[in-house]
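# Structural overview
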Amino acid sequence: MCIGSRRLPAWRDILRVMVVLPVRFERSPRLHPMLSEVAHPVGTRVVVQGKRGPEVATVRGEPTPPQEQERYGAVLRAATPEDLSRWEDLHATGEDLKWLLRARARQRSLPVKVVAVEFTLDESLVTVSYSAEERIELTGLISELRGHTRARVNFAAVGPREQAQMIGTLGACGRENCSSTHLQDFAPVSIRMARDQQLPLNPEKLSGPCGRLLCCLQFEHTQYLDLLKDLPRKNARVCHEGSGACGKVTKLHPLAGTVDVTTDQGVLTDVPAGELRRLTDAEIKAMPDTGRGGGRSGRPNRAQSRE
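Residues numbered from 1 in each chain as written. Predicted model: local features only at pLDDT ≥ 70, side-chain atom pairs only at ≥ 80, totals over all residues. Heavy atoms only, no water.

An unreviewed UniProt entry annotates the protein as PSP1 C-terminal domain-containing protein of Deinococcus daejeonensis.

Structure follows, in structure tokens:
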């Protein structure tokens, strides 16, 4: 049989002898699925063929069967001592070039912050990640790199969250920020999540090191929404079945399942939601003006309206 008549293996046949390994690169916690012929154990340093070229990554999960419709990178081999030594040297060179470019940017008065300089393992490409408020011309910095490497230069703009992810910072909880440790994607975060969790709307307390809303606000948001379903809304008119006192809900405590109620006689704190009955519109109209929690006219005063 001639060589030209040999049947090439089908894609399905190739997948049967391959596994998918989740690997993690150094500057991001995101897991990338890679096809591999060998089921390397967790913690193994491997050389992978990524979008930028060959890089060193770490296996961070158990092997799984591949899916036909998915697109994967490839694990080339387990990293050898020579690979790791070269990778460390390139990392040290990238750190030196990062500080060099930062100094040159200050000399040129460029409003840019160089976040990271990363080489591929074969040193064919160097990626300069930077952060800038506006579009700027960076071709002047390429000449600064030419004297230190022959690699092709690629500039990549990163946002505030990506910058915090790559650099690594401490959050308000005292731990390393979530984007550098376990977040796989940046989910949308809104100020409504802080309101639903009854947090004070203080920008300094609700913002992370990146200056954006805390990513952790969305971790428990769905749980808070479920808890709020069993509580009366804020400013709702309710009556306490035990004492008969009626007033307005001024604060919610979703985790405890209680609310604070302001009446003409004072404030009832930590009242279980099950002991409250919400008044109907007809009952509210039939109540004396003083029983509506807003003075003789039944309207909220200025202090209450600001709340």
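That shown, we press on.
### Considering the overall build of the protein
Inclusion rule: A helix here means a DSSP run of H or I that spans at least four residues, while a strand means a run of E at least two residues long, and both kinds are numbered starting from the N terminus. Burial classification: accessible surface area is computed with a 1.4 Å probe over protein chains only, and a residue below 20% of its type maximum counts as buried, one above 50% as exposed, and the rest as partly exposed. Should any heavy atoms of two residues lie within 4.5 Å, those residues are counted as being in contact. Shrake-Rupley sampling with a 1.4 Å probe provides the accessible areas, and residues are treated as covered by the protein chains on show and by no other component.
Along the protein, the regular secondary structure elements total 10 helices and 13 strands. The burial tally for the protein puts 38% of its 307 residues in the buried class. Considering only intrachain contacts with a sequence separation of at least 6, the fraction spanning at least 24 residues in the protein is 53%. Entry remark: accessible area of the protein is about 19,300 Å², with carbon and sulfur atoms responsible for 50%.

### A word on the packing of aromatic side chains
Note the threshold: Centre distance within 6.5 Å is the pairing criterion for rings of Phe, Tyr and Trp, where only the six-membered ring of Trp is used; planes under 30 degrees apart are then read as stacked, over 60 as edge-to-face, and the remainder as tilted. Geometrically, a lysine NZ or arginine CZ counts as sitting over a ring once it is within 6 Å of the ring centre and also within 35 degrees of the ring normal.
Enumeration according to the criterion identifies one aromatic pair in this entry. Geometrically, the ring pair formed by Y130 and F155 is edge-to-face, given 6.2 Å between the ring centres and 75° between the ring planes. Of this pair, Y130 sits in strand β7 (residues 125-131) while F155 sits in strand β8 (residues 152-157), placing them 25 residues apart in sequence. Overall, F155 belongs to the partly exposed group, its relative accessible area being 23%. Lying across the ring of W99, R102 places its NZ or CZ 4.6 Å from the centre.

### Comments concerning the pairing of β8
Two faces, one strand: in a regular strand the side chains alternate between the faces of the sheet. The criterion, for reference: Strand pairing requires that DSSP identify at least two bridges connecting the strands. We call a crossover right-handed when, viewed with the strands running away from us, the connection from the first strand over the helix to the second turns clockwise.
Sheet topology places β7 next to β8; six bridges connect them, and they run parallel. Residue S129 lies in a different strand from β8, and its bridge partner there is A156. Following the chain from β7 across helix α3 (residues 139-146) to the adjacent parallel β8, one finds a crossover that is right-handed.

### Considerations on the sheet that holds strand β4 (residues 54-59)
Counted only if it meets this: With axes taken as lines fitted to C-alpha atoms, and helix axes fitted only over the stretch in contact, angles between N-to-C directions fall between 0 and 180 degrees.
If you walk around this closed barrel you meet the five strands as β1-β2-β5-β3-β4, and the pairing is mixed. Adjacent strand axes in the sheet meet at a mean angle of 55°, parallel and antiparallel pairs treated alike. Bridge analysis of strand β2 (residues 31-36) against strand β5 (residues 73-78) gives two bridges, and the strand direction is parallel. What sits directly across from M34, in β5, is G73.

### Here's the deal with the packing of helix α2 (residues 81-107) against α3
In a pair of packed helices, the angle between the axes and the distance between the axes together describe the arrangement. To keep things clear, this is the line we draw: Each angle is binned into one of four classes, with values under 35 degrees roughly parallel, values over 145 roughly antiparallel, values of 65 to 115 roughly perpendicular, and all other values oblique. Note: crossing handedness is left-handed where the near helix turns anticlockwise from the far helix by less than a right angle, and right-handed where it turns clockwise. Note that Gly is not counted as nonpolar here; it falls among the polar residues with everything else outside the nonpolar set of Ala, Val, Leu, Ile, Met, Phe, Trp, Tyr, Cys and Pro and the charged set of Asp, Glu, Lys and Arg.
One can describe the packing of α2 onto α3 by two numbers: an axis separation of 10 Å at closest approach and a directional angle of 135°. Taken together, the axes of α2 and α3 lie oblique to each other. In the crossing of α2 with α3, the sense of the turn from one axis to the other is right-handed. Only L141, E144 and L145 of α3 make contact with α2, whose side of the interface consists of L97, L100, L101, R104 and A105. For the contact of α2 with α3, a count of residues per class yields six nonpolar, no polar and two charged.

### A look at the sheet that holds β8
Taken together, three strands build an open sheet; the order of strands is β6-β7-β8 and the sheet is mixed. Pairing within the sheet leaves two strands with one partner each, and these edge strands are β6 (113-119) and β8. The mean inter-strand angle of the sheet, taken between neighbouring strand axes irrespective of direction, is 20°. Against the sheet, α2 engages β6 and β7, with an angle of about 155° to β6. In this fold α3 packs onto β7 and β8, with an angle of close to 140° to the strand it touches most, β8.

### Let's talk about the state of the cysteines
Which entries qualify depends on this criterion: Our working definition of a disulfide is a cysteine sulfur pair at a distance within 2.5 Å.
Enumeration according to the criterion identifies one disulfide in this entry. A sulfur-sulfur separation of 1.7 Å characterises the disulfide bridge that pairs C239 with C246. Here the disulfide of C239 and C246 is right-handed, its torsion about the S-S bond being about 95°. Relative accessible area serves as the criterion here: at 8%, C239 is assigned to the buried category. Under the relative-accessibility criterion, C246 is labelled partly exposed at 22%. Here C216 is not disulfide-linked; the sulfur of C178 is the nearest cysteine sulfur, at 5.6 Å. We classify C216 as partly exposed; its relative accessible area is 36%.

### Considerations on the pairing of β7
Among the seven residues that make up β7, seven are buried, leaving the element largely enclosed by the rest of the structure. Side chains of β7 alternate between two faces, with L125, T127, S129 and S131 and V126, V128 and Y130 buried alike. In this sheet, β7 lies alongside β6 in antiparallel orientation, the contact comprising six bridges. Each residue of the ladder has a partner; that of E118, found in β7, is T127. Between β6 and the antiparallel strand that follows it, β7, lie five residues; E123 among them carries a positive phi value of about 60°.

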